[in-house]
Amino acid sequence: MPIIAPSILTANFLRLEDEINMLNSSKADWIHLDIMDGVYVPNITFGFPVIRQIKSLAKKPLDAHLMIINPDRYLKDFKDAGVDLLTVHLEACTHLDRTISEISNLGMKPGVAVNPHTSLDGLQYILPKLSMVLIMTVNPGFGGQKFIDYSYEKVRKLKQMIVDSGASTLIQVDGGVSKSNLKPLVDAGVDAFVVGNTIFASSDPVAMIEDLKEMKNLS
Ligand code: DX5
Ligand code: ZN
């Protein structure tokens with residue numbers, strides 16, 4: 001069964017407690033936190049005080065996706081705020097090997113995200129050190145965007161790289177995931193799905209999460 005990581009980017013922040021409790025009661029595996037700095041991406045979201053509040057309520061691991069330049073400045077702060085899986089962008093790190101080693105040393109699971117246009121070549125040597133590679137299937141910055149179709153080829157290529165290297169790295173996709181592309185993405189090799197709009201714009205988010213998790217009632 002796929003790992004489902006609802007992104008709270010499109011949750012109702014006036015009712016964040018209810019939204020986290022809803023996720024706690026659902027079949028979601030992780031809670032995905034999109035951290036944006038307004039420089040790396042053209043949007044700003046939230047930071048440590050909000051993450052700490054979420055941690056105090058959440059019964060699922062926190063999966064943070066950093067869309068910030070120079071994330072090295074804040075790795076320990078994310079650990080202290082309660083993050084379990086920490087993903088940085090390949091394009092935002094000059095010394096990526098050092099960054100992921102530091103994330104592991106702090107006791108978090110390291111992930112690396114790649115933008116749609118970014119080649120997978122830069123991942124080859126670090127793959128065995130990564131818990132997860134996040135393939136962006138939209139340009140990062142906003143929820144509710146359209147899935148980019150060439151992502152399938154990229155997922156298949158990454159899956160082959162992982163098999164060839166003997167690593168156990170998970171493949172995560174983020175952006176535009178819906179009931180219509182979940183199954184083909186699982187078939188291509190995706191293990192974990194970030195899902196924002198499809199869940200939070202649904203009239204019954206708990207049922208939507210269950211359908212995605214159990215791959216039923218797909219369109
Ligand atoms: C985009 C974020 C995503 C976003 C996904 O920059 O990284 O996590 O919330 O939202 P949907 O599922 O609505 O495309
Ligand atoms: Zn994300």
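This section reports on the structure supplied with the text. All figures in this text were calculated on a predicted structure; none of them were measured in a lab.

## Some thoughts on the site of ligand 1
Surveying the vicinity of ligand 1 reveals 20 residues, the closest of which are Asp34, Gly141, Gly144, Asp174 and Gly196. Side-chain polar atom of Asp174 to an oxygen atom of ligand 1: 2.7 Å apart, as the coordinates give it. Here ligand 1, which alone exposes 390 Å², has 99% of that area covered by the protein. When contributions to the shell around ligand 1 are tallied by element, the ones reaching two or more residues are strand E2 (31-36), strand E3 (62-67) and strand E8 (192-195). The leading source of residues in the shell around ligand 1 is E2, at 3 residues. Per-class residue counts for the shell around ligand 1 are 8 nonpolar, 10 polar and 2 charged.

## A short note on the sheet that holds E3
Spatially, 8 strands are ordered E1-E8-E7-E6-E5-E4-E3-E2 in an open sheet, and the strand pairing comes out parallel. Only two strands of the sheet have a single neighbouring strand rather than two, namely strand E1 (3-6) and E2. Strand-to-strand twist across the sheet, computed as the mean angle between neighbouring axes with direction ignored, equals 25 degrees.

## Concerning the nonpolar core
Among the nonpolar cores identified, the biggest contains 63 residues, and Ile8, Leu33, Ile51 and Leu123 are the most heavily contacted of them. Among the elements that line this core, the one with the most residues is helix H5 (residues 151-165), at 5 residues. Aside from chain neighbours lying at most four places away, what touches Ile51 is Leu33, Ile35, Phe46, Leu62, Phe78, Ala81 and Val83. Trp30, Leu85, Met132 and Ala192 belong to the second-largest nonpolar core, a separate cluster that totals 6 residues.

## A short note on the pairing of strand E4 (residues 85-89)
A large share of E4 lies buried, amounting to 5 of its 5 residues. Burial along E4 is two-sided: Leu85, Thr87 and His89 and Leu86 and Val88, pointing in opposite directions, are all buried. Two strands pair when backbone bridges link them, and E3 and E4 are joined in this way by 4 bridges, in the parallel orientation. Within E4, the residue paired with Ala64 across the bridge is Leu86. Since E3 and E4 lie parallel, the crossover through helix H3 (residues 75-81) that links them has a hand, and here it is right-handed. Relative to strand E5 (residues 109-114), E4 runs parallel, the two sharing 5 bridges. If you follow His89 over to E5, its bridge partner there is Ala113.

Basis of the calculations
Residue indices begin from 1 for each chain and proceed along its sequence in written order. By the order in which they are written, chains take letters starting at A while ligands take numbers starting at 1. For a predicted model such as this one, the threshold for reporting local features is a pLDDT of at least 70, and the threshold for listing and counting side-chain atom pairs is 80 or more; totals across whole chains, interfaces and linings nevertheless cover every residue. For the side-chain quantities, the full set of heavy atoms in the structure was used; hydrogens and water were omitted. Note on definitions. A residue lies near a molecule or strand when any single heavy atom of the residue is within 4 Å of it. Pairs of N or O atoms are called polar contacts if they sit within 3.5 Å, as long as, within protein, a hydrogen donor faces a hydrogen acceptor (for residues adjacent in sequence, only side-chain-to-side-chain pairs). The protein chains shown are the only cover counted for residues, whose accessible areas, like all others here, come from Shrake-Rupley with a 1.4 Å probe. Numbering of helices and strands runs from the N terminus, with a helix taken as a DSSP run of H or I at least four residues long and a strand as a DSSP run of E at least two residues long. In this count, Pro and Cys sit with the nonpolar residues alongside Ala, Val, Leu, Ile, Met, Phe, Trp and Tyr, while Asp, Glu, Lys and Arg are called charged and the others, Gly among them, polar. Note on pairing: DSSP must find at least two bridges between two strands before they are called paired. Here the axes come from fitting lines to C-alpha atoms, over the contacting stretch only for helices, and the angles between their N-to-C directions go from 0 to 180 degrees. Buried Ala, Val, Leu, Ile, Met, Phe, Trp, Tyr and Cys residues that are joined via side-chain atoms within 4.5 Å together make up what is termed a nonpolar core. Accessible area is worked out with a 1.4 Å probe on protein chains only. A residue is then buried under 20% of its type maximum, exposed over 50%, and partly exposed in between. The contact rule is simple, with two residues in contact once any of their heavy atoms fall within 4.5 Å. Note on handedness: a crossover is taken as right-handed if, strands pointing away from the viewer, the path from the first strand over the helix to the second is clockwise.

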